[in-house]
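Here are the chains, one letter per residue:
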Amino acid sequence: MVELPLATIDRIMRKAGARRISEEATLAMAEVLEERALVVAAEAVKLAGHAGRRTVRDVDIRLATKRP
């Protein structure tokens, strides 16, 4: 079950140039984005902890996205 608003996913895909988007494509994109977001968030939490913080900051997110 996806948590991201499907209208937001649809809007993002249209900004990327899609003219028509099936509901299945929107759901698939939402699932992929949520999976990726969980990986990035987990890495950001690790980075914040390594820095001695409990608060995840923007720098942690940006560094987490650059990790393989």
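Above this text sits the structure in question.
Residues numbered from 1 in each chain as written. Predicted model: local features only at pLDDT ≥ 70, side-chain atom pairs only at ≥ 80, totals over all residues. Heavy atoms only, no water.

Examining the environment of V59
Take V59: it is sitting in helix α3 (residues 58-66). When the C-alpha positions of V59 and L47 are compared, they lie 9.3 Å apart, and in sequence the two are 12 residues distant. (Helix = DSSP H or I, 4+ residues; strand = E, 2+ residues; numbered from the N terminus.)

Re helix α2 (residues 23-50)
Across its 28 residues, α2 extends 41 Å between first and last C-alpha, which sits within 8% of the 40 Å expected from 1.5 Å per residue. When α2 is considered as a whole, its buried residues turn out to be T26, A30, E34, V40, E43, A44, L47 and A48. Where α2 is buried, its residues contact α1 (6-15) and α3. Directly beyond the C-terminal end of α2, a positive phi value near 80 degrees is found at G52. (Expected span 1.5 Å × (residues − 1). Buried < 20%, exposed > 50% of the residue type's maximum accessible area, 1.4 Å probe, protein only. Contact = heavy atoms within 4.5 Å.)

Overview of the packing of α2 against α3
Here α2 crosses α3 at 120 degrees, and the two axes come no closer than 8 Å. With respect to α3, the element α2 is oriented oblique. Here α2 runs over α3; the crossing is right-handed. From α2, R36, V40, E43, A44, L47 and A48 reach across to α3, where they touch D60, I61, L63, A64 and T65. (Axes fitted to C-alpha atoms, helices over the stretch in contact; angles between N-to-C directions. Parallel < 35°, antiparallel > 145°, perpendicular 65-115°, else oblique. Left-handed = near helix turned anticlockwise from the far one by under 90°.)

Comments concerning the packing of α1 against α2
Running from N to C, α1 and α2 cross one another at 95 degrees; their axes reach a closest spacing of 9 Å. Between α1 and α2, the interaxial angle falls into the category roughly perpendicular. Of the residues in α2, those touching α1 at L6, I9, D10 and M13 are A25, T26, L27, M29, A30 and L33. Its residues placed into classes, the contact of α1 with α2 shows 8 nonpolar, 1 polar and 1 charged. (Nonpolar A, V, L, I, M, F, W, Y, C, P; charged D, E, K, R; others polar.)

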